[in-house]
Amino acid sequence: MAGNIKLWRLRRRVTKVPTDGPAWVALVDGLMRAGEADAARAAALEGLDCAPAESRLQLGDRLAALDATDAAARAWFGAWREAPTLPGAAARWGRHLQQTGRAGEAIEPLRSAHGADPDDDGVRDALLAALSKTGATGERAEVLAASVARHPDDAHLLVRYGKALIEIGQRRQGIEALRRAHRLRADGRTVIALGVALGRSGDSQEAVVLFEQYMAERPDALSAQINCGVAYGEIGDFTTAVRYLLDASQRAPHLAAIQQNLAVIFSRMGQLDAAIDALRLAARIEPAAGRIQLQLARMLARRGDLHEGVAAASLAASLSGESVQLEMAANELRSTLLATVTGEYPAVDSSDMGSGERPSAMSGDLMHFPLPNLLEFLRSERRTGLLQIVSMSGVGEVRLRDGDITSVSASQVSRLGEVLIETGHLDAVALAGALGGRPADMPLGMHLVKSGAVTAEQLAGAAREQALRGLMELLPWEQGNFSFITEDGSAVPESWPTQGMLLDALRRLDEEGYSEAAESIELVGDLFGEAEPSPDIF
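Residues numbered from 1 in each chain as written. Predicted model: local features only at pLDDT ≥ 70, side-chain atom pairs only at ≥ 80, totals over all residues. Heavy atoms only, no water.

1. Remarks on the overall build of the protein
Check the secondary structure of the protein and you find 27 helices and five strands. Here the protein holds 538 residues, and 49% of them are scored as buried. Long-range contacts, defined here as pairs at least 24 residues apart, represent 58% of the contacts in the protein between residues at least 6 apart. Carbon and sulfur atoms make up 51% of the accessible area of the protein, which amounts to about 24,900 Å² in all. (Helix = DSSP H or I, 4+ residues; strand = E, 2+ residues; numbered from the N terminus. Buried < 20%, exposed > 50% of the residue type's maximum accessible area, 1.4 Å probe, protein only. Contact = heavy atoms within 4.5 Å. Areas by Shrake-Rupley, 256 points an atom, 1.4 Å probe, with all protein chains shown as cover.)

2. Here we look at helix H18 (residues 290–303)
Between its terminal C-alpha atoms H18 stretches 20 Å, which fits the 20 Å expected from 14 residues at 1.5 Å a residue. Judged by how many residues are buried, H18 sits mostly within the fold: 11 of 14 residues are covered. Among the residues of H18, Gly290, Ile292, Gln293, Leu294, Gln295, Leu296, Ala297, Met299, Leu300, Ala301 and Arg302 are the ones counted as buried. Directly after H18, the chain includes Gly304, whose backbone phi takes a positive value near 95°. (Expected span 1.5 Å × (residues − 1).)

3. Notes on the pattern of salt bridges
A complete count under the given rule lists 27 salt bridges for this structure. A salt bridge links Asp61 to Arg92; the nearest nitrogen and oxygen atoms lie 2.8 Å apart. You can see Asp61 sitting in helix H4 (residues 53–65) and its partner Arg92 sitting in helix H6 (residues 89–99), a full 31 residues away along the chain. Exposure remark for Asp61: the relative accessible area of 24% places this residue in the partly exposed category. On the basis of relative accessible area, Arg92 is assigned to the partly exposed category, the value being 29%. (Salt bridge = Lys/Arg side-chain N within 4 Å of Asp/Glu carboxyl O.)

4. Considering the environment of Gln225
Along the polypeptide, Gln225 turns up in helix H14 (residues 222–234). A relative accessible area of 6% means that Gln225 is categorised as buried. The sequence separation of Gln225 and Asp247 amounts to 22 residues, and the corresponding C-alpha distance is 8.8 Å. When near neighbours in sequence (up to four residues on either side) are disregarded, Gln225 contacts Met215, Tyr244, Asp247, Ala248 and Arg251. Of note is the side chain of Gln225, whose polar atom sits 2.5 Å from the side chain of Arg251. (Polar contact = N/O pair within 3.5 Å; in protein donor to acceptor, adjacent residues only side chain to side chain.)

5. Remarks on the packing of H4 against helix H5 (residues 69–82)
Where H4 meets H5, the axes come as close as 8 Å, and the angle between the chain directions of the two elements is 160°. Put simply, H4 runs roughly antiparallel to H5. Viewed along their axes, H4 and H5 form a crossing whose handedness is left-handed. Taking contact as the criterion, the partners of Ala53, Arg56, Leu57, Gly60, Asp61, Leu63 and Ala64 in H4 are, on H5, Ala71, Ala72, Ala75, Trp76, Gly78, Ala79 and Glu82. (Axes fitted to C-alpha atoms, helices over the stretch in contact; angles between N-to-C directions. Parallel < 35°, antiparallel > 145°, perpendicular 65-115°, else oblique. Left-handed = near helix turned anticlockwise from the far one by under 90°.)

6. Thoughts on the packing of aromatic side chains
Summed over the entire model, instances satisfying the criterion amount to three aromatic pairs. Arranged with centres 4.9 Å apart and planes meeting at 55°, the rings of Phe77 and Trp93 form a pair that is tilted. Taken as a pair, Phe77 in helix H5 and Trp93 in helix H6 lie far apart in primary sequence, 16 residues in all. Residue Trp93 is classed as buried on the basis of its relative accessible area, which comes to 9%. Ring geometry for Tyr232 against Tyr244: centres 5.5 Å apart, planes inclined by 50°, an arrangement best described as tilted. Residue Tyr232 is located in helix H14, and its partner Tyr244 is located in helix H15 (residues 238–251); the two are separated by 12 residues in the primary sequence. Judged by its relative accessible area of 13%, Tyr244 is buried. (Phe/Tyr/Trp six-rings, centres within 6.5 Å; stacked < 30°, edge-to-face > 60°.)

7. Examining the environment of Gln293
Residue placement: Gln293 occurs in helix H18. Remark: the alpha-carbon pair of Gln293 and Leu279, spanning 14 residues in sequence, is separated by 8.0 Å. The contacts of Gln293, once residues within four sequence positions are left out, are Ala283, Ala312, Leu315, Ala316 and Leu319.

8. A short note on the nonpolar core
Residues Leu27, Leu59 and Ile258 are the most contacted members of the largest nonpolar core, which totals 114 residues. No other element matches helix H10 (residues 155–167), which puts eight residues into this core. Setting aside chain neighbours within four positions, we find Leu59 in contact with Trp24, Val25, Val28, Ala44, Gly47, Leu48 and Ala51. Phe369, Leu378, Leu468 and Ala505 belong to the second-largest nonpolar core, a separate cluster that totals 30 residues. (Core = buried A, V, L, I, M, F, W, Y, C linked by side-chain atoms within 4.5 Å.)

9. Describing the confidence of the model for the protein
This prediction gives the protein a mean pLDDT of 80; 81% of its residues lie at or above 70. In the model, residues 344–360 has pLDDT below 50 throughout and makes 30 contacts with residues more than four positions away in sequence or in other chains. Low pLDDT (under 50) marks residues 513–538, which in the prediction has 88 contacts with non-local residues, meaning those over four places away or in another chain. (pLDDT = per-residue confidence, 0-100.)

10. A look at the side chain of Arg379
Structurally, Arg379 is set in helix H22 (residues 371–380). For Arg379, a relative accessible area of 16% gives the class buried. The residues touching Arg379, leaving out its near neighbours within four places in the chain, are Arg268, Gly403, Thr498 and Gln499.

11. Describing the packing of H6 against helix H7 (residues 103–116)
Here H6 crosses H7 at 155°, and the two axes come no closer than 8 Å. The orientation of H6 with respect to H7, classified from their angle, is roughly antiparallel. Crossing of H6 over H7 shows left-handed handedness. Judged by residue contacts, Ala90, Ala91, Trp93, Gly94, Arg95, Leu97 and Gln98 of H6 engage Ala103, Glu105, Ala106, Pro109, Leu110, Ser112 and Ala113 from H7. Among the residues making up the contact of H6 with H7, the classes are represented as nine nonpolar, three polar and two charged. (Nonpolar A, V, L, I, M, F, W, Y, C, P; charged D, E, K, R; others polar.)

12. Things to note about the pairing of strand E3 (residues 394–401)
Sheet faces and side chains relate simply in a regular strand, where the side chains alternate between the two faces. Here seven bridges tie strand E2 (residues 385–391) to E3, and the two strands are oriented antiparallel to one another. Opposite Gln388, over in E3, you have Glu397 as the bridge partner. Taking the residues between adjacent antiparallel strands as the criterion, E2 and E3 are bridged by two residues. Alignment of E3 against strand E4 (residues 404–410), held across six bridges, turns out to be antiparallel. Considered in E4, the bridge of Glu397 is made with Ser409. (Pairing = 2+ DSSP bridges.)

In structure tokens, the structure reads:
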């Protein structure tokens, strides 16, 4: 009875003073406690039209609890627009946008909310998710850098920061952040993150040591065992790699990723039949996974089973879901295999792709073998040499060592000195002086480092940026001819993982609006693809 009287009084109060926000909130709360959900929802909606911003924010929370999500969002948006600095308004509206798939719109309010309260982990994580969805990796790294500065001993925050640095191309700094995280807290998350980063950077031997040390303490650590097997595969110890992965597959027969990695290792051992069997098992584990069917199609093509490869590529395309890249890659492969079967054009010899022999030269047409697929093939075969591309758009060259990129040149790419100026590591006066005093037989970069104009790290970063820009120019080329010639690459000072370079270049092209760039690469089968985490670690 007393409750009914209180509700009656609150109803009279809001009728007389419609702008009394606390009264509206109290009325809705009372109706919710009384179990009158419909009446509470109606009262909250009524209060939205007249209550001030702070109370509208609270009424939005009640509407969300009453499953009136759209009305709640309207309340949060109205409160934020009317009072942008009102605590919680920007955060609620931004998180709603992020959770409902409107990441681009969510960034502004979430950025504002994070600036007002940088220690609100929920807001920070929502902002990071929105930035990740929109490809704003640079700002994402900046947000994490600021959080790390406030919480330097948070190992798991350092892990996220390290991964973000690697994602924007600052691999060395990213690995150092992951090392710091591991020193602070040597648990499964830091071990896996650091080991995977080391493996992708070519330091597979160090990754093996790291995983082995962790497994000595935690023999049940499944993710460490899988990645340790992968690392052994990268250093060429295929017997140990297979043993680790087969044991992991016994422990976790539901993980298709194990079979995919086994397939890659079997392929490198020249055991294509075993590789295909592993992929067929992976496909039975995840029958709706287009990425597995695409990997299977590629492996079948290497073995010469072109008709079956066409079927697998067709299935991969039909299972691609929302992945445009996967669908493009599957359709490209399907077209290539069909044309090879029917003899409609002289394709790159498929026996070259599948045999153990590595000819000194190969050539073909970009229409039949797009550049991302070609670079991925050269990477998987660990080729060393010069890839030349000639098209109506110009001429380009990509040099590789053991499948990794060492340099890229294209007609519109800035020179190394210009890149150093653009990145702020050098000014035009210093560059002019260096050019004037450089010995004729000394490369510019070496002279700049020796003269103290730039550091070796700054030079390496500029060289990678120059190569990345070259890839961005070449990747959209859909027509033209290519040829690859084996060369000695031992004298090249530095190289970068081809997969990382391709992903960075494709992401930048997408951010700049080149959505029609040849994004047909599908990196399934990447030995250092992070396996599904084990519950005992994460």
